[in-house]
Amino acid sequence: MSSPATGFCLRGVCVEYGASAALREVDLEIEPGEVVAFVGPSGAGKSTALGLCNGMVCPTSGTVRLDGEDLCGLPAARLRALRSRIGLIPQELGLVGNLRVSQNVLAGRLGRRGALAGLRPLIHARRGELTEVLEILDRLGIGEKLFHRVDTLSGGERQRVAIARALYQEAGVLLADEPLSALDPARARETLTLLLAVAREEGLTLILSLHDIDLARELVGRLVGLRAGRVVFDRRREDVTDDDLRHLYQLEGDERVG
Ligand code: ADP
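For the structure given in this document, a descriptive report is provided here. Since the structure is predicted, the reported quantities are computational estimates derived from the model, not experimental observations.

Scoring rules and cut-offs
Residues numbered from 1 in each chain as written. Predicted model: local features only at pLDDT ≥ 70, side-chain atom pairs only at ≥ 80, totals over all residues. Heavy atoms only, no water. Helix = DSSP H or I, 4+ residues; strand = E, 2+ residues; numbered from the N terminus. Buried < 20%, exposed > 50% of the residue type's maximum accessible area, 1.4 Å probe, protein only. Contact = heavy atoms within 4.5 Å. Areas by Shrake-Rupley, 256 points an atom, 1.4 Å probe, with all protein chains shown as cover. Pairing = 2+ DSSP bridges. Axes fitted to C-alpha atoms, helices over the stretch in contact; angles between N-to-C directions. Disulfide = S-S within 2.5 Å. Core = buried A, V, L, I, M, F, W, Y, C linked by side-chain atoms within 4.5 Å. Domains from an automatic or database assignment. Near = heavy atom within 4 Å. Polar contact = N/O pair within 3.5 Å; in protein donor to acceptor, adjacent residues only side chain to side chain. Nonpolar A, V, L, I, M, F, W, Y, C, P; charged D, E, K, R; others polar.

Regarding the overall build of the protein
Consideration 1: Within the protein one finds 10 helices and 10 strands.
Consideration 2: Counting all 258 residues of the protein, 49% fall into the buried class.
Consideration 3: Taking the intrachain contacts of the protein between residues at least 6 apart in sequence as the baseline, contacts between residues at least 24 apart amount to 67%.
Consideration 4: Carbon together with sulfur atoms contributes 51% to the accessible area of the protein, which is approximately 12,200 Å² in total.

Right, here's the structure in full:
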């Protein structure tokens, strides 16, 4: 059983790095159990937006609330507790190649135990813990890889291990940064379909950044288009127009000419 899904509220969020802004005046509401993809060109602010959602990035101005709590105004212990409800699948996956699949998945609960207690399952997993990990891997179609070293797996299998680790964490929210970037088109479609099915079955809030706009438009319910740090559209997928996309990906020079 997962912990309750959680919702986000961003109000007037700016993120500045020196003189340049990664996000400008972003307002966004994401309901518990919703599935949202950030789309847009490279450098648009998609990863920064995801970073805000787990408190890794704090706004220069504005607020980011998770179930009403200001993620950047919390004591460290409370932030840790909230983060244990947020499963992050980073772009580079964050797996340990020379450890087994089981150990990488068991690491999903490191954050919610003390450091030493958290390490115990990685050294000596109990039967019940392994059974739970196996059930998740089976569901993702890689049960037979339980004791394989991660560095012997294909890109698609590694992606599933990272998803399994987030599910074992029993988070209410999954954040996935470009989860399809290392996969061929067939594997990308399969993996996104799987992620969406898992989110639906578990009632998770799922927030992704995706650069495959066609796949996002075909499969993800709500698309938030980011360009130069601003939200340029926020629509149900069926309402996203070709014009929206042309504007989203238009080169800066084209805009000056047009
Ligand atoms: P995307 O994920 O859409 O490619 P990012 O959120 O990674 O975009 O970056 C948005 C902008 O913010 C880019 O111009 C990037 O160079 C800048 N940026 C992101 N993180 C940092 C940082 N830690 N320091 C300085 N600039 C950053």
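That covers the picture; the talk isn't over yet.
Details of the side chain of Asp244
Consideration 1: Take Asp244: it is sitting in helix 9 (residues 242-249).
Consideration 2: Under the relative-accessibility criterion, Asp244 is labelled buried at 11%.
Consideration 3: Look past the residues within four positions of Asp244 in its chain and what remains in contact with it is Phe233, Arg235 and Asp239.

A few points about the sheet that holds strand 9 (residues 222-227)
Consideration 1: In space, the six strands of this open sheet follow the order 6-7-8-3-9-10, with mixed pairing throughout. Strand pairing shows two members of the sheet lacking a second neighbour, strand 6 (86-89) and strand 10 (230-236), which therefore form its edges. Neighbour to neighbour, the strand axes of the sheet diverge by 15° on average, direction disregarded.
Consideration 2: Pairing geometry for strand 6 and strand 7 (residues 173-177), over four bridges, is parallel. From the neighbouring strand, Ile86 faces strand 7, where its bridge partner is Val173.

A word on the pairing of strand 3 (residues 35-39)
Consideration 1: Of all five residues in strand 3, five are buried, a share of seventy percent or more.
Consideration 2: Burial along strand 3 is two-sided: the face carrying Val35, Ala37 and Val39 and the face carrying Val36 and Phe38 are both buried.

A few points about the sheet that holds strand 5 (residues 69-70)
The strands making up a sheet associate through backbone hydrogen bonding, with each pair oriented either parallel or antiparallel.
Consideration 1: Spatial strand order, 2-1-4-5: four strands in an open sheet with antiparallel pairing. Each having just a single partner strand, strand 2 (20-30) and strand 5 make up the two edges of the open sheet.
Consideration 2: Relative to strand 1 (residues 8-17), helix 1 (residues 46-53) is tilted by about 125°, and along the sheet it contacts strand 1, strand 2 and strand 4 (61-66).

Comments concerning the state of the cysteines
Consideration 1: Scanning all chains against the criterion turns up one disulfide.
Consideration 2: In this model, Cys58 is linked to Cys72 through a disulfide, with the two sulfur atoms separated by 2.0 Å. Taking the sign of the S-S torsion, -100° for the link of Cys58 and Cys72, the bridge is left-handed. You can see Cys58 sitting in the loop between helix 1 and strand 4 and its partner Cys72 sitting in the loop between strand 5 and helix 2 (76-83), a full 14 residues away along the chain.
Consideration 3: Look at Cys58 and you get partly exposed, because its relative accessible area is 42%.

Section: the nonpolar core
Consideration 1: Formed by 49 residues in total, the largest nonpolar core has its most connected members in Leu140 and Leu208.
Consideration 2: If you count residues domain by domain, this core takes at least three from each of domain 1 (1-85 + 173-258) and domain 2 (95-170).
Consideration 3: Ignoring any residue separated from it by four or fewer positions in sequence, one finds Leu208 in contact with Val35, Val36, Ala37, Phe38, Ala176, Pro179, Leu192, Leu195 and Val220.
Consideration 4: Membership of the second largest hydrophobic core comes to 28 residues, among which are Leu23, Val26, Ile86 and Leu226.

Quick notes on the site of the ligand
Consideration 1: By nearness alone, every residue bordering the ligand is listed as Tyr17, Ala22, Pro41, Ser42, Gly43, Ala44, Gly45, Lys46, Ser47 and Thr48.
Consideration 2: Within the side chain of Lys46, one N or O atom sits 2.8 Å away from an oxygen atom of the ligand.
Consideration 3: Between the ligand and Ser47 there is a distance of 2.8 Å, counted from an oxygen atom to a backbone nitrogen or oxygen.
Consideration 4: Protein chains shield 55% of the accessible area of the ligand, which is 560 Å² for the free molecule.
Consideration 5: Here the shell around the ligand takes three residues from helix 1, the largest share from any one element.
Consideration 6: Considered class by class, the residues forming the shell around the ligand number four nonpolar, five polar and one charged.

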